[in-house]
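An overview of the molecular structure
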Amino acid sequence: MNIDIKANKEEFLELLRSTKRDGIEDVITDLENLGFFSAPASAGHHLNVEGGLVLHSINTCKAALAVWEAMKPLEPSLQTEVSRDSLIIASLLHDVCKADIYVRSVKKRRNVLGQWEDTEGYKVSYKEFPMGHGEKSVIQLLCSGLDMTDAEMLAIRWHMGAWGINMNSYEDQRCYDTARALYPLVSIVQTADGLAASIMERTAEDADNA
């Protein structure tokens, strides 16, 4: 897959800066230093190529805005409960935790003839800051000085939905359920993340391997 890294970065920054949120420029600087703009979105699944993380973030943002617009006629309270700026902040920045976990490597992969061959890819390492997933994104953004609402922090923290819950933890389960009940933004970002990865970013190879 060919990704226009420069164009995607410009679109990402334009969306992020449109919020005019305090701390945005410091966040951008830290994302640059972490390698966010060149990182893949995954090691072996959706958009596992250079620049994939930015494209996934943009796709999640577009999906979140589309869900929000489509839901407002069905639930008018979303007009006031969820702001466009909050959607952009939470969806664009939900995966900043991935910026420093992918390391280039050589993997074995079957080619079209069914033969194993070496191919460039990524492996995962949590050595830089082993703080989890959604919670790591929230902490990194706060450390960068971003001013976030409770809804935005919780939407980022729980964007993985049930996959981000320790099922042995009653506290995790209650916190997740409570966050979704209090803030519609949580459900919108979670839904948008899934739509981006499973629909907007699916490939013919994904279908063949299903």
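Residues numbered from 1 in each chain as written. Predicted model: local features only at pLDDT ≥ 70, side-chain atom pairs only at ≥ 80, totals over all residues. Heavy atoms only, no water.

Restricting attention to buried positions, one finds in helix 2 (residues 24–34) the residues Ile24, Val27, Ile28 and Leu31. Buried residues of helix 2 fall within an arc of 100° about the axis and therefore sit on the same side. Where helix 2 is buried, its residues contact helix 1 (5–17), helix 5 (84–92) and helix 6 (134–143). Positive backbone phi, at 85°, marks glycine 35, one or two positions downstream of helix 2. (Buried < 20%, exposed > 50% of the residue type's maximum accessible area, 1.4 Å probe, protein only. Helix = DSSP H or I, 4+ residues; strand = E, 2+ residues; numbered from the N terminus. Arc of directions from axis to C-beta. Contact = heavy atoms within 4.5 Å.)

What follows covers empty space enclosed by the protein. Empty space among the atoms can be located by rolling a probe the size of a water molecule over them. Applying the stated criterion to the full structure yields 1 cavity of 30 Å³ or more. The space that makes up the largest cavity amounts to roughly 40 Å³. Lining the largest cavity are Val27, Asp30, Leu31, Leu34, Val96, Gln140, Leu141 and Ser144. Counting residues per element, the ones that place at least two in the lining of the largest cavity are helix 2 and helix 6. The element best represented in the lining of the largest cavity is helix 2, accounting for 4 residues. Its residues placed into classes, the lining of the largest cavity shows 5 nonpolar, 2 polar and 1 charged. (1 Å grid on protein atoms, 1.4 Å probe; cavity = no way out; pocket = protein on both sides within 12 Å on 5 of 7 lines; lining within 4 Å. Points joined across faces, edges and corners; volume = space filled by probe spheres on them. Nonpolar A, V, L, I, M, F, W, Y, C, P; charged D, E, K, R; others polar.)

Turning our attention to the layout of surface pockets. Approximately 210 Å³ is the volume found for the second largest pocket. Lining the second largest pocket are 13 residues, with His159, Met160, Trp163, Asp193 and Gly194 positioned closest to its centre. Residues of the lining of the second largest pocket, tallied by class, amount to 3 nonpolar, 7 polar and 3 charged.

Core analysis: the biggest nonpolar cluster contains 46 residues, and Phe12, Phe36, Leu92 and Leu93 have the highest contact counts within it. Of all the secondary-structure elements, those providing two or more residues to this core are helix 1, helix 2, helix 3 (52–71), helix 5, helix 6, helix 7 (150–157), helix 8 (170–182) and helix 9 (184–200). Here this core takes 9 residues from helix 3, the largest share from any one element. If we ignore the near neighbours within four places in the chain, the residues touching phenylalanine 12 are Leu31, Phe36, Phe37, Val54, Ser57, Ile58, Leu92 and Leu93. (Core = buried A, V, L, I, M, F, W, Y, C linked by side-chain atoms within 4.5 Å.)

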